[in-house]
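Spelled out from the first residue to the last, the chains are:
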Amino acid sequence: MGVVYLVRHGQASFGAADYDVLSDRGEQQARLAGRELVRREAALSHARCGSLSRQRATADAALAQLPSPPTVARDARWNEYDHVDIAAHHGGGAAQDSADPRAYQAALEGALAKWVAAGESSPCAESWPRFLARVTGALDDLVSVLGKGEQAVVFTSGGVISTLCGVLLGVPEVGLLSLNRVTVNAGITKIVTGRSGTTMLSFNEHGHFDGEAAGLLSYR
């Protein structure tokens, strides 16, 4: 079987002027994810990341831990949904507030639910159906180039990962709205593909944050 590891980016800069930058903790998380891939003896022949800064930086930091890393190819289809646009159109303009991230998370989840419900009628630049088609297309294309027993890694975002897991479970909307809230920074999801199709084997693994690294665990 082929294997695809989906790695969520490290912690970005919530509440800062530019969210799309890894925090110091995010850099450490990315390196830990890379070391976890080494511990698993992942034989990676393909690597992908989105075009967002936090995704690219996570890929660079993680792959630097591997003795013989594959060249990472950027593909904007692995980018996260535009949370600012969705919040503006469906969440009453909810703004990031570093002093109260839980309140913002609640506002964003409400906005995401309205975004999904709006379908193609959403005023956002990218509707939920288009986002869904984009990310499933990215996974399908990656799976199509995997040879027998080959492994790939993708550095992407929580909304992308949770949506794809929802797709594989037959409930993409539930994936986005329920799994998304529990994805950890630099968590690892494992997908396998073979004659019987593509299957989610594990979701959001984060054992690499146990023990001494427990203080690095974060969700936003």
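Use the structure listed above.
No experiment lies behind these values; they were computed from the predicted model shown. (Residues numbered from 1 in each chain as written. Predicted model: local features only at pLDDT ≥ 70, side-chain atom pairs only at ≥ 80, totals over all residues. Heavy atoms only, no water.)

We now examine the pattern of salt bridges. Inspection of the entire model under this criterion finds 9 salt bridges. A salt bridge links Arg-77 to Asp-75; the shortest N-O distance between them is 2.9 Å. On the accessibility criterion, Asp-75 (17% relative accessible area) is buried. Via salt bridges that share partners, Glu-36, Arg-39, Arg-40 and Glu-205 belong to a single interconnected network. (Salt bridge = Lys/Arg side-chain N within 4 Å of Asp/Glu carboxyl O. Buried < 20%, exposed > 50% of the residue type's maximum accessible area, 1.4 Å probe, protein only.)

Turning next to helix H2 (residues 53-63). Among all positions of H2, only Arg-54, Gln-55, Thr-58, Ala-59, Ala-61, Ala-62 and Leu-63 are buried. Tucked into the core, H2 has its buried residues touching strand E1 (2-8), helix H1 (24-39), strand E2 (44-49), strand E3 (72-74) and strand E4 (151-156). (Helix = DSSP H or I, 4+ residues; strand = E, 2+ residues; numbered from the N terminus. Contact = heavy atoms within 4.5 Å.)

Quick look at the pairing of E1 now. Counting buried positions along E1 yields 7 of 7 residues, so the element is predominantly enclosed. Every second residue of E1 is oriented toward a common face, with Gly-2, Val-4, Leu-6 and Arg-8 on one face and Val-3, Tyr-5 and Val-7 on the other, all of them buried. Bridge analysis of E1 against strand E5 (residues 188-194) gives 6 bridges, and the strand direction is antiparallel. Across the sheet, Val-3 pairs through a bridge with Val-192, a residue of E5. (Pairing = 2+ DSSP bridges.)

A few words on helix H7 (residues 172-179). Within H7, the full set of buried residues consists of Pro-172, Gly-175 and Leu-176. For H7, the angular spread of buried residues about the axis comes to 90 degrees, placing them on one side. (Arc of directions from axis to C-beta.)

On to the sheet that holds E3. Spatial ordering of the open sheet is given by E3-E2-E4-E1-E5-E6, a layout of 6 strands whose pairing is mixed. Of all the strands in the sheet, just E3 and strand E6 (197-205) have a single pairing partner and so form its edges. Ignoring which end each strand starts from, the neighbouring axes of this sheet average 20 degrees apart. Along the sheet, helix H5 (residues 128-145) makes contact with E1, E2, E4, E5 and E6, crossing E2 at roughly 160 degrees. (Axes fitted to C-alpha atoms, helices over the stretch in contact; angles between N-to-C directions.)

A separate point is the environment of Leu-176. When you line up the elements, Leu-176 lands in helix H7. You can call Leu-176 buried: its relative accessible area is 1%. Between the C-alpha atoms of Leu-176 and Ala-87, which are 89 residues apart in sequence, the distance is 15 Å. With near-sequence residues (within four places) excluded, Leu-176 lies in contact with Tyr-81, Trp-115, Val-116, Trp-128, Gly-159, Ser-162 and Thr-163.

Within the secondary structure, Ser-157 is located in the loop between E4 and helix H6 (158-169). Looking at Ser-157, the relative accessible area reads 1%, which means it is buried. Residues within four places of Ser-157 in sequence aside, it is in contact with Arg-8, His-9, Arg-54, Gln-55, Trp-78 and Glu-80.

Let's shift gears to the side chain of Ser-202. Its location among the elements puts Ser-202 in strand E6. Overall, Ser-202 belongs to the buried group, its relative accessible area being 16%. Within the structure, the side chain of Ser-202 is placed 2.5 Å from the side chain of Glu-205, a separation counted as a polar contact. Not counting residues within four places of it along the chain, the set of residues in contact with Ser-202 comprises Thr-189 and Lys-190. (Polar contact = N/O pair within 3.5 Å; in protein donor to acceptor, adjacent residues only side chain to side chain.)

This brings us to the nonpolar core. Soluble globular proteins tend to pack their nonpolar side chains together in the buried interior. Among the nonpolar cores identified, the biggest contains 33 residues, and Leu-6, Trp-78, Tyr-81 and Trp-115 are the most heavily contacted of them. Elements that contribute at least two residues to this core include exactly E1, helix H3 (83-90), helix H4 (101-118), H5, E4 and H6. If you tally residues by element for this core, the top one is H5, at 8 residues. For Trp-115, the residues in contact, after removing those within four places along its chain, are Tyr-81, Ile-86, His-90, Ser-122, Cys-124, Glu-126, Ser-127, Trp-128, Phe-131 and Leu-176. (Core = buried A, V, L, I, M, F, W, Y, C linked by side-chain atoms within 4.5 Å.)

This brings us to unusual backbone geometry. Within the chain, Glu-41 stands out as a residue other than glycine whose phi angle is a positive 55 degrees. Along the polypeptide, Glu-41 turns up in the loop between H1 and E2. One non-glycine residue with positive phi stands out, namely Asn-204, at about 60 degrees. Structurally, Asn-204 can be placed in strand E6.

Let us look at the pairing of E2. For E2, a buried count of 5 out of 6 residues is recorded, marking the element as mostly surrounded by other parts of the structure. Two elements, E2 and E3, share 3 bridges in a ladder whose sense is parallel. Pairing of Cys-49 across the sheet is with Arg-74, part of E3. In this fold, E2 hands off to H2, which returns the chain to E3; that crossover is right-handed. (Right-handed = clockwise from strand over helix to strand, strands pointing away.)

Limitation: the analysis is restricted to geometry and does not speak to function.
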